[in-house]
Amino acid sequence: YEGVAGNQVHCVNRDGLSEPVVPALSNPTALRSQNDIYCVDDDSGVVCWGNHYYGQSKVPADLGNVTAFASGDHHTCAIAGGQVRCWGGNEYGQSNVPDDLVAPSAITAGFDHTCVHDNGEIRCWGGNTVRLPLTGPDAFNPALFSSYEYVMCVIDPGQPTQPLCRRNGEAVFAPQLPALPAALAVTTGSSITYVTAIVDGQLYYWNETGAPLSDPIALSN
């Protein structure tokens, strides 16, 4: 569990212990957490802590105002001042931001890659290099854009019930959904990547190996 309450950040693990240790903060807001990296907007700027073995929690001093944030296992990225900045590990090129991005508006990251929504298309770099134009008249929804480990999935507004998933730059299995999802997330179970979607208040999931869409699981209010 992690949360911002009364201008204080509290982190408690599943054993009830207060960890990771939260640094001194003056006025934290907008907590963002992914892959054991925790970042908040504070009076002095963005502050991150947690995993640091690749420098992924060392925020650039000149980062500026962050509008979107994502962290992979070894690296962290943010959209700040209309530009994408990445720091930490770069063993797959996941921190090598393309120099021809136009207007990045949403960002997600996996183990070996980083992806953004930019000027009507999905751009990914690193171990999962993708350039995927989106279609349709409806606005792009960042809640339908997710990466984890080696897989990125997104809902194209022009194909609202057909997730588009990529691994190593190649298409991987994704089933037709019964309706437009409200949320989409890539996660893992054991060594297999799973994708979950919330559709009409019900949870569905599948994996990248071609297993069929699960039976719906009702979600309580």
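Scroll up a little and you will see the structure.
Basis of the calculations
Residues numbered from 1 in each chain as written. Predicted model: local features only at pLDDT ≥ 70, side-chain atom pairs only at ≥ 80, totals over all residues. Heavy atoms only, no water. Helix = DSSP H or I, 4+ residues; strand = E, 2+ residues; numbered from the N terminus. Contact = heavy atoms within 4.5 Å. Areas by Shrake-Rupley, 256 points an atom, 1.4 Å probe, with all protein chains shown as cover. Lys, Arg positive; Asp, Glu negative; His and termini not counted. Charge placed at Lys NZ, Arg CZ, Asp CG, Glu CD. Buried < 20%, exposed > 50% of the residue type's maximum accessible area, 1.4 Å probe, protein only. Disulfide = S-S within 2.5 Å. Pairing = 2+ DSSP bridges. Axes fitted to C-alpha atoms, helices over the stretch in contact; angles between N-to-C directions. Salt bridge = Lys/Arg side-chain N within 4 Å of Asp/Glu carboxyl O. Phe/Tyr/Trp six-rings, centres within 6.5 Å; stacked < 30°, edge-to-face > 60°. Polar contact = N/O pair within 3.5 Å; in protein donor to acceptor, adjacent residues only side chain to side chain.

(A) Broad picture of the overall build of the protein chain. When helices and strands are tallied, the protein chain shows zero helices and 20 strands. A sequence separation of at least 24 residues applies to 35% of the contacts in the protein chain between residues at least 6 apart. For the protein chain, the exposed area adds up to about 10,700 Å²; of that, 48% sits on carbon and sulfur atoms. Counting 8 positive and 22 negative side-chain charges, the protein chain places the centres of these two groups 5 Å from one another.

(B) View of unusual backbone geometry. Here the phi dihedral of Asn-119 falls at roughly 55°; this positive angle occurs in a residue that is not glycine. Among the structural elements, Asn-119 can be located in the loop between strand 10 (113-118) and strand 11 (121-126). According to the relative accessible area criterion, Asn-119 is exposed, its value standing at 56%. Of note, the phi angle at Asn-168 is positive, near 55°, even though the residue is not glycine.

(C) View of the state of the cysteines. Within this structure, the stated rule accounts for four disulfides. Between Cys-39 and Cys-48 runs a disulfide, and the two sulfur atoms are separated by 1.9 Å. The S-S bond linking Cys-39 to Cys-48 shows a torsion near 105°; that makes this disulfide right-handed. Relative accessible area serves as the criterion here: at 10%, Cys-48 is assigned to the buried category. With its bonded cysteines labelled in order along the sequence, the protein chain shows the pairing 1-2, 3-4, 5-6, 7-8.

(D) Structural view of the sheet that holds strand 7 (residues 75-80). Taken together, three strands build an open sheet; the order of strands is 6-7-8 and the sheet is antiparallel. Each having just a single partner strand, strand 6 (66-71) and strand 8 (83-88) make up the two edges of the open sheet. For this sheet, the mean angle separating the axes of adjacent strands, direction not counted, is 20°. In this structure, strand 7 lies alongside strand 8, joined through six bridges in antiparallel fashion. Across the sheet, residue Cys-77 finds its bridge partner in strand 8, namely Cys-86.

(E) Spatial organisation of the pattern of salt bridges. Counting across every chain of the model gives seven salt bridges. The partner of Asp-62 in a salt bridge is Arg-85, and the shortest N-O contact between them spans 3.0 Å. Of the two residues, Asp-62 sits in the loop between strand 5 (45-50) and strand 6 while Arg-85 sits in strand 8, which places them 23 residues apart along the sequence. In this structure, Glu-121 engages Arg-123 in a salt bridge whose closest nitrogen and oxygen atoms are separated by 4.0 Å. Of the residues examined, Glu-121 reaches a relative accessible area of 13% and is grouped as buried. Where salt bridges share partners, they join Asp-100, Glu-121, Arg-123 and Arg-131 into one cluster.

(F) Main features of the packing of aromatic side chains. Applying the stated criterion across every chain, the model contains six aromatic pairs. A centroid spacing of 5.3 Å and a plane angle of 70° characterise the contact between Tyr-53 and Tyr-54, whose relative ring orientation is edge-to-face. Assessed through its relative accessible area of 52%, Tyr-53 is described here as exposed. Ring centres of Phe-140 and Phe-145 lie 5.6 Å apart, and the angle between their planes is 75°; on these two criteria the pair is classed as edge-to-face. For Phe-140, a relative accessible area of 16% puts it in the buried group. On the accessibility criterion, Phe-145 (7% relative accessible area) is buried. Cluster of aromatic residues (ring-pair linked, three or more members): Tyr-92, Phe-111 and Tyr-150.

(G) Broad picture of the environment of Arg-131. Checked against the element boundaries, Arg-131 lands in strand 12 (residues 130-133). Judged by its relative accessible area of 52%, Arg-131 is exposed. Spatially, the C-alpha atoms of Arg-131 and Val-116 are 10.0 Å apart, while their sequence positions differ by 15 residues. In contact with Arg-131, not counting residues within four places along its chain, are Asp-100, Glu-121, Ile-122 and Arg-123. At 2.9 Å, the side chain of Arg-131 and the side chain of Glu-121 are in polar contact.

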